[in-house]
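# Notes for the structure review
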Amino acid sequence: MSKKSVIVGGTVAIDNVKTPTAEGRNLLGGSAAYASLATSYYHDAVNLVGIIGNDYPQEHLEMLASHGVNLAGVERSEDASFTWSGEYMANMNDRETHAVALNVLEGWKVKVPYEIAQSEIVVLANMSPENQLEMLDGCKAESRYVIADTMDLWIAIANEKLHEVLQKIDLLVINESEAREFAQTSNLVLAGERLLEKGPEHVIIKLGEFGAMLFAKDGTLFRCPAWPLKDVADPTGAGDSFLGGMAGYLASLETDTYSFDDLKQAMVRGTVAASFTCEAFSTQRLQSATREDLDARMAKLKEISSW
């Protein structure tokens, strides 16, 4: 594999998830946890940056480490871990948040250890824009490629800081409803164009079960399908897995500049990683998959979407 290193910063959480048919508690959660695991399937130098509390389940950390995720950047606190509890409705698209305990995230200042600060690919998984800016300040690679995700909360309460982030990144990944809100239009093509005007060279809008769209400043557009799942057990973290799968693939390439075609190929890897995530609670299905499993699904996805 390439010698390039990936650094993934974001939340590491404890999730409690209820669906119409089952319930899972004390699950591995958090944007950076999902993204770093997905990255590890396509690249062997991935570093996780986040913060956990004194109650964080050791088995989750051991699982990430067993996949080659470097945990040197995970800060340990004596406070309780960030915890999210929510419930999915019958369509598995709509969900209700029952409880959020920020705990260790309150007042968290991102610290990037010196030994991983030179990582060439920086993934700003979902966290506050202020934390994303702190992460960037701690990353010291002269030539780096920055991918960022965000969510409706930050669009609403930290819009100015979020715009500052967009001026410093190469690729924005955002879901459909948030793209419409941020760009203030219901038309996704127009939303993609408006988001490009905010700074990034490329924008990806995630469409859930309908795939994703990639936009470039020269007007080039690509739409990637999603893997057709028969059953969705738990969609939590699918978007973060998409982000990580993309980052891992890009890091594996022997180049420092990524073309539109490179991003298209990365999207397919991200889509496949996300599909495995949806098949069980938390990362339980993804962590049990092999690289061969992902490659086989990618080949089948190519077969059913070519014409």
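Since the model is a prediction, treat every value here as computed from it, not as a measurement. (Residues numbered from 1 in each chain as written. Predicted model: local features only at pLDDT ≥ 70, side-chain atom pairs only at ≥ 80, totals over all residues. Heavy atoms only, no water.)

## Things to note about the overall build of the chain
Counting its secondary structure elements, the chain contains 11 helices and 13 strands. At 18 Å, the chain has a C-alpha radius of gyration in line with the 19 Å of a compact globule built from 307 residues. When the backbone C-alpha atoms are referred to their principal axes, the chain occupies close to 50 × 45 × 40 Å. Counting over 307 residues, the chain shows a buried share of 58%. Of the roughly 13500 Å² that the chain leaves accessible, carbon and sulfur atoms contribute 47%. (Helix = DSSP H or I, 4+ residues; strand = E, 2+ residues; numbered from the N terminus. Rg over C-alpha atoms; globule rule 2.2 N^0.38 Å. Buried < 20%, exposed > 50% of the residue type's maximum accessible area, 1.4 Å probe, protein only. Areas by Shrake-Rupley, 256 points an atom, 1.4 Å probe, with all protein chains shown as cover.)

## Thoughts on the sheet that holds strand β4 (residues 46-52)
Taken in spatial order, the nine strands line up as β5-β4-β1-β8-β9-β10-β11-β12-β13 in an open sheet, and their pairing is mixed. The open sheet terminates on both sides in strands that have one partner only, identified here as β5 (69-76) and β13 (221-224). On average, each strand axis in the sheet is inclined to that of its neighbour by 15°, with strand direction left out of account. Docked against the sheet, helix α2 (residues 58-66) engages β4 and β5, running at close to 150° with respect to β5. Contacting β10 (171-175) and β11 (202-206), helix α6 (residues 176-183) crosses the sheet at an angle of about 110° to β10. (Pairing = 2+ DSSP bridges. Axes fitted to C-alpha atoms, helices over the stretch in contact; angles between N-to-C directions. Contact = heavy atoms within 4.5 Å.)

## Thoughts on the UniProt feature "domain: Carbohydrate kinase PfkB" (unreviewed entry) in the chain
What UniProt calls "domain: Carbohydrate kinase PfkB" (unreviewed entry) maps, in this numbering, to residues 22-285. Along residues 22-285 the backbone is 36% helical and 24% strand, and the end-to-end C-alpha distance reaches 15 Å. (UniProt positions renumbered as here; feature names shortened; annotations may be inferred.)

## Some words on the pattern of salt bridges
Applying the stated criterion across every chain, the model contains 12 salt bridges. The residue Arg25 makes a salt bridge to Glu23 at a minimum N-O spacing of 3.8 Å. Residue Arg25 is classed as exposed on the basis of its relative accessible area, which comes to 54%. For the salt bridge of Arg180 with Glu176, the shortest nitrogen-to-oxygen distance reads 2.7 Å. Here Glu176 and Arg180 lie together in helix α6, a separation of four residues that amounts to about one turn. Residue classification places Arg180 among the partly exposed residues on the basis of a relative accessible area of 29%. The class of Glu176 is partly exposed, set by a relative accessible area of 25%. Ionic contacts of the salt-bridge type, sharing partners, join the residues Lys109, Glu130 and Glu134 into one network. (Salt bridge = Lys/Arg side-chain N within 4 Å of Asp/Glu carboxyl O.)

## Considerations on the side chain of Asp234
Residue placement: Asp234 occurs in the loop between β13 and α8 (238-252). Despite being buried, Asp234 has no salt bridge partner; Arg95 is the closest side chain of opposite charge, sitting 6.6 Å away. At a separation of 2.6 Å, a polar atom in the side chain of Asp234 contacts the side chain of Thr236. Looking at Asp234, its side chain comes within polar contact range of the main-chain nitrogen of Ser282, at 3.1 Å. Contact partners of Asp234, with chain neighbours within four places excluded, come to Val17, Tyr88, Met92, Thr277, Cys278, Ala280, Phe281 and Ser282. (Lys, Arg positive; Asp, Glu negative; His and termini not counted. Polar contact = N/O pair within 3.5 Å; in protein donor to acceptor, adjacent residues only side chain to side chain.)

## Concerning the pairing of strand β6 (residues 83-88)
Most of β6 is tucked away, with five of its six residues classed as buried. Looking at chain direction, strand β2 (residues 13-18) and β6 are connected through five bridges and run parallel. The residue of β6 that forms the bridge with Val17 is Gly86. As judged from the six bridges shared by β6 and strand β7 (residues 95-101), these two strands associate in the antiparallel manner.

## Observations regarding α6
All buried positions along α6 are accounted for by Glu178, Ala179, Phe182 and Ala183. Taken down its axis, α6 places every buried residue within 120° of arc, on the same side. Each element contacted by the buried residues of α6 is listed here: α4 (152-157), α5 (159-166), β10, α7 (188-196) and β11. (Arc of directions from axis to C-beta.)

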